[in-house]
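Spelled out from the first residue to the last, the chains are:
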Amino acid sequence: MNGMSARMCVVSAMVLLAFALQSCRKDRPEPPVEEPNAPVDRGVYVINEGNFQWGNASVSHFDAATGEVVEDLYAPANGEALGDVLQSMTLHDGKAYLVVNNSGKVEVVDPATFVSSATITGFASPRYLLPVSSSKAYVSDLQSGSIAVVDLQANSITGSIPCAGWTEMMALVGSEVFVTNQTRRYVYVIDTATDAIVDSIAVSRGGNSLVLDADGALWVACSGGTGTAPALYRIDPVSHNVDATFPLPSSADSPSRLTMNGDGTVLYFLNTDVFRMAITDDALPSVPFVAADGRNFYGLGVDPNSGVVHAADALDFTQRGVVHRYGADGASLGTFYAGRIPSAFIFH
Amino acid sequence: MWSALGTDGRVCGAAAFVRRGIVSSALVMLWFSLHAQTVVDTLRLREVVVVAPRLVGMNVGARSKVVDSTAFARHATADLGTLLTNESSVFIKSYGLGSLATTAFRGGSANHTAVLWNGFNLGSPMNGQLDLSLVPVLAANDVRIEHGGATALWGSGAVGGTIHLNNLPRFDRGPYVEVGASVGSFGDLRQQVSASLGNARWSASVALFHTAARNDFRYVLADNTAERKQENAQLEQRGLLTQVHHQITAQQRVSVGYWYQFSDRGIPPTLQQGRSTAEQRDESHRLTAAWQYSARRSVVHVRSAWFQEGLRWFPFDDTAVDSRSRTAIAEGEWRFRPGRGHLFIMGLNATHAAARSDGYADAPQQLRSALFGAYTYTARSGRWSASASARQERMDQRLVPFTANIGAQVRLMPGAQLKASVSKLYRVPTFNDLYWVPGGVRDLLPESGHGAEVGVALDRTVGRVAVNGEVTTYSRTMDQWIIWLPGPAYWSPQNVMQVWSRGVEAGAEVIVSVGRSKLTFALNTDHVVSTNQRAKSSDDASVDKQLIYTPMYSGRGRIGVQHGRFSATCIAVYTGYRYTSTDTRSFLEPFTVANAWLAYALRTGKRGSLSVDLQCNNLFDARYQVIADRPMPLRHYRIGVRYQFGER
């Protein structure tokens, strides 16, 4: 070896070493907190859907009075992850029912400790659970083409009500249940006494959420599609007639997460931005209540007592989401972190 | 073998028809080659036959590795994903035994590794990816792994690296027959038969394979938890590969190839999914033809390929979701040697792709054309060489970024080389990115970027000890990186990310020969830092964080002993933390999986050999998941028998 080559060898080795050191990084992440949480008694539960097939659904909790956030209530209390895609949670009779869509199950947990007391299984792709009496509930489904009838005492499925398409959110008015449908142009009406469909109300496709207002009218949000316009509908639940239709200006619009303030006089919904309108308004709002400004709003909820609006930013859907809180006047009240893909809020 | 292919109980009419087609075409090819042999046996050829795959050697200064014959033998009945996991730096994202396997190479995504079969890109035009679990190692007799980006040579997607699968002709080798079968844990049965013939003017080969497995392995998630059984992971694969090369005259050669494959497999549930009845069927026909004319100073290649691929997906009942694509490729290339050490290449590529899917409103089509050129110079002394290449592609009516590559390598001292290269890179959006309804964006930009690498390679033999090693460091930035993000009503691809990937690859192999024994030690380490550099939205916590499913540290160790007819090998692969959230707060634990092979070969007659090999995978019962919630098997075995006759 001549001197020149030796020098080049040394120089190149040093250059390589410098590069190597420069790029070195620690890969060990912070270990997750495994200790159990203290029971929660007031505040808001945040439903974190999680990624499809990643099994990372969770329920967060936020207490506005103390500012305390619990990232996940379920896993620390039960020693295992909740499941795959948490679609919804319903509080009923001192219990919380967690509908875990792609795990095909409903977990029954204590709302304070989140310890599971029962698991209702046998669903295809469950979406929402609606109690229709102290012992009976309906569960809508994405795949099965039916609504499951569940015995809340025995925690088992006792029957099913055939209903074509992807059934979504439901509302009980008197003795009738109104069912939105993502893939049909109807809101279906079920008689809870007979567990049978008794009527269908023509709306747009993409029915995804509904609320009952202070005047007893039912509001339905439809995202549209296959030739039908995205729109809000006001339905008279007694006559089953559509009282008013509020079509959105463009087919690219997609109203969802329709919700209400505490006294049932103001509607809120997502359509990229957060919108609100009084139930007495005769046109849709043209200016957003909160503009998205580059955020990916995915979940929406309004505290019935304080009127605080919670808008969840799911970011890139592959990290924990950020919840933005706004007063009724639109002023920011701060943010907190939730779990993966926060989609809904349950206030208690 | 034919009985193995014919005994499966659930072949539909179409498959049976295709199978008959395979049988007859295989027989025709065999007859053709046998017949031809007797006629042209004695012809003498003046020119040296070029058997090296095209453009190999044009990427001077880049790290590359040829998978050696012992690695091939260890994975003779395996799929390409398994081979790469055990024998290369490519991180394979495996969803389970027999399930989807995609790549992360040098911090790139699955779309950033180009897999080329005889020079043709196998990536689906629909999602730009290739499921490596569907590529049998048998599909090639030469596998090369080229690290780093070289889109100027290999086209869109050759960003993190390129895997070359080649079927090199074997002129002048006579008849060769190989029959193999293996039995493994979880109802894993594999059969293969291949035959080839070669004389001065003909080289013909045909191979058939069949794989069936239940894959109903048991796994445990943690200490003191009940054992669970994997469900709906059964698979069946069968295929045919054939290649015929004919040296028509001293100047002209034609080659044709055909690769048929059918796969039917269950898609197992994730750990959090109650059950799954999903099923996926893949069927592909790949046909290639090439003509080559060699003159004294130049060679002209004209090559074409026709790929037809179908995927039927049964998500939860008998309703199938269909997607089909076909790709037609034509390429002309002129190689010119103006003088000793100089090599100049110019070529034109036209690729037409069309696809149908329930996700597309119409049947989209795409025409891409590319003009490329390359030049290499090798000094007379052999002390240094350099290359430059460039490519301009046009996609439908639009020009995609011009890309280029420059590299050089210098011999520092005998057996030691200093290598360096810089490249400009691109990747065009896939059909799904452009045409998916809803969400596809027709004016999405191609990704573009640049990269550089420097390395030192060593290869020395001192007495009975041979040492080779290489250390490479690289850096690459890709801009306009496409990801799907939610919009008002649906998800949509956007050119939002900028990803900086850098790292160090180090590897060394020591081979000691003592009498009839040979000892091999090899160690490879990979350090990959691949981070998103740009916020996708306000509050995005992923900036400067490692990409998901990209291990920052990984390594492989191999010990091999060969003594006469006996050989034993043990490979241990370490895979470091993989993050499962873009803010790196969720992650999967590191794991090490060790596999061992024992083989014994004995001669039968003058030209035959019979070998038995025993394989033990996951020797130490590692509980691990490559992808979250996708369980992997504990220790499992395979025993195989193989009969070889003739010169390989």
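Parameters at a glance
- Residues numbered from 1 in each chain as written.
- Chains lettered and ligands numbered in written order.
- Predicted model: local features only at pLDDT ≥ 70, side-chain atom pairs only at ≥ 80, totals over all residues.
- Heavy atoms only, no water.
- Helix = DSSP H or I, 4+ residues; strand = E, 2+ residues; numbered from the N terminus.
- Rg over C-alpha atoms; globule rule 2.2 N^0.38 Å.
- Buried < 20%, exposed > 50% of the residue type's maximum accessible area, 1.4 Å probe, protein only.
- Contact = heavy atoms within 4.5 Å.
- Areas by Shrake-Rupley, 256 points an atom, 1.4 Å probe, with all protein chains shown as cover.
- pLDDT = per-residue confidence, 0-100.
- 1 Å grid on protein atoms, 1.4 Å probe; cavity = no way out; pocket = protein on both sides within 12 Å on 5 of 7 lines; lining within 4 Å.
- Points joined across faces, edges and corners; volume = space filled by probe spheres on them.
- Nonpolar A, V, L, I, M, F, W, Y, C, P; charged D, E, K, R; others polar.
- Pairing = 2+ DSSP bridges.
- Axes fitted to C-alpha atoms, helices over the stretch in contact; angles between N-to-C directions.
- Core = buried A, V, L, I, M, F, W, Y, C linked by side-chain atoms within 4.5 Å.
- Phe/Tyr/Trp six-rings, centres within 6.5 Å; stacked < 30°, edge-to-face > 60°.
- Patch = residues over 30% accessible without salt bridge, like charges linked within 9 Å, V, L, I, M, F, W, Y side chains within 5 Å.
- Salt bridge = Lys/Arg side-chain N within 4 Å of Asp/Glu carboxyl O.
- Buried area = accessible area lost by both parts, 1.4 Å probe.
- Polar contact = N/O pair within 3.5 Å; in protein donor to acceptor, adjacent residues only side chain to side chain.

Peer 1: Give a description of the overall build of chain B that names residues and reports values.
Peer 2: When its secondary structure is counted, chain B shows six helices and 34 strands. Its C-alpha atoms give chain B a radius of gyration of 24 Å, near enough to 26 Å, the size a compact globule of 648 residues would have. Projected onto its principal axes, the C-alpha positions of chain B cover 70 × 55 × 50 Å. Within chain B, the proportion of its 648 residues that are buried is 55%. Taking contacts inside chain B between residues at least 6 apart in sequence as the whole, the part at least 24 apart equals 63%. Just so you have it, chain B exposes about 26800 Å², and 59% of that area is on carbon and sulfur atoms.

Peer 1: A description of the confidence of the model for chain B should follow, citing residues and the corresponding values.
Peer 2: Residue and element names in this part refer to chain B. When pLDDT is averaged along chain B, the result is 88, and 91% of the positions lie at 70 or above. Element-level pLDDT for chain B is lowest in helix α1 (residues 2–6), with a mean of 32, against a maximum mean of 97 in strand β29 (residues 566–575). Long-range and interchain partners of residues 1–53, a stretch whose pLDDT sits below 50, account for 72 contacts in this model, where long-range means more than four residues apart. This prediction of the complex comes with two scores: 0.88 for pTM and 0.87 for ipTM.

Peer 1: Give a description of empty space enclosed by the protein that names residues and reports values.
Peer 2: Residue and element names in this part refer to chain B. Scanning all chains against the criterion turns up nine cavities of 30 Å³ or more. In this model, the second largest cavity occupies a volume close to 580 Å³. What lines the second largest cavity is a set of 37 residues, and nearest its centre among them are N121, G123, S156, T351 and R368. For the lining of the second largest cavity, the elements supplying multiple residues, two or more each, are β4 (113–117), β5 (120–121), α5 (151–154), β17 (321–336), β18 (342–357), β19 (365–378), β20 (384–395) and β23 (416–427). Looking at the lining of the second largest cavity, its residues break down into 15 nonpolar, 16 polar and six charged.

Peer 1: Break down the sheet that holds strand β20 (residues 256–260) of chain A for me, with residues and values.
Peer 2: All names here are of chain A. One open sheet holds the three strands; their spatial order is β20-β21-β22, and the pairing between them is antiparallel. Among the strands making up the open sheet, the edge pair consists of β20 and β22 (273–278). Neighbour-to-neighbour, the strand axes of the sheet open up by a mean angle of 20°, direction not taken into account. Sheet topology note: the strand β21 (residues 266–271)/β22 ladder contains six bridges and is antiparallel. Across the sheet, N271 pairs through a bridge with D273, a residue of β22.

Peer 1: Provide a residue-level description of the nonpolar core, including the pertinent values.
Peer 2: Residue and element names in this part refer to chain B. One finds L80, V115, L122, L132, V143, L165 and L241 to be the most contacted residues of the largest nonpolar core, which totals 32 residues. Of the residues forming this core, the biggest block, three residues, is contributed by helix α4 (residues 80–87). Those residues in contact with V143 that lie beyond four places of it in its chain are K65, V66, V67, F72, L83, I163, H164 and L165.

Peer 1: Tell me about the packing of aromatic side chains, residues and numbers included.
Peer 2: Counted according to the given criterion, the structure contains 23 aromatic pairs over all chains. Ring geometry for Y298 of chain A versus F317 of chain A: centroids 5.1 Å apart, planes at 80°, classification edge-to-face. With a gap of 19 residues between them, Y298 of chain A in strand β23 (residues 297–302) and F317 of chain A in the loop between β24 (309–313) and β25 (320–326) connect regions that are remote in the sequence. Relative to W436 of chain B, the ring of Y360 of chain B lies with its centre 5.9 Å away and its plane at 85°, an arrangement referred to as edge-to-face.

Peer 1: I'd like a rundown of a nonpolar patch on the surface, residues and numbers included.
Peer 2: Residues and elements named next belong to chain B. Among the surface-exposed residues, V183, L189, F566, L598, Y600, L602, V612, L614, I639 and V641 lie close enough to one another that they form a single nonpolar patch of about 790 Å² accessible area. Of all the secondary-structure elements, those providing two or more residues to the nonpolar patch are β32 (591–604), β33 (608–617) and β34 (636–646). If one sorts the elements of the nonpolar patch by residue count, β32 sits on top with three residues.

Peer 1: Go over the interface of chain B and chain A, please, and point to the residues and values.
Peer 2: On the chain A side, the residues contacting the 51 residues of chain B number 47 residues. Both sides of the chain B and chain A interface together cover about 4100 Å² of buried area, and 56% of this is carbon and sulfur. On the surface where chain B and chain A come into contact, there are two salt bridges. When the shortest N-O distance is used, the salt bridge between D316 of chain A and K536 of chain B registers 2.9 Å. Between the two partners, chain B and chain A, sit 17 residue pairs in polar contact (both at pLDDT 80 or more). Listed by contribution, the elements that provide at least two residues to the side of chain B that touches chain A are β22 (403–413), β24 (447–462), β25 (465–486), β26 (491–514) and β27 (517–532) of chain B. Sort the elements by how many residues they give to the side of chain B that touches chain A and β26 of chain B lands first, with five residues. Of the residues in the side of chain B that touches chain A, the class split is 23 nonpolar, 18 polar and ten charged.

Peer 1: Any chance you could break down the pattern of salt bridges for me, citing the residues and the numbers?
Peer 2: Opposite charge on two side chains lets them pair, provided their charged atoms get close. Residue and element names in this part refer to chain B. Inspection of the entire model under this criterion finds 33 salt bridges over all chains. As a salt-bridge pair, E505 and R63 come within 3.7 Å of each other at their nearest N and O atoms. With a gap of 442 residues between them, E505 in strand β26 and R63 in the loop between α2 (13–40) and β1 (64–66) connect regions that are remote in the sequence. Neither residue differs from the other here; E505 and R63 are each classed as buried. Here R218 and E227 are joined by a salt bridge, their closest N and O atoms 3.8 Å apart. The partly exposed category is assigned to R218, whose relative accessible area is 43%. What you see here is one network of salt bridges that share partners, running through R63, R106, E453 and E505.

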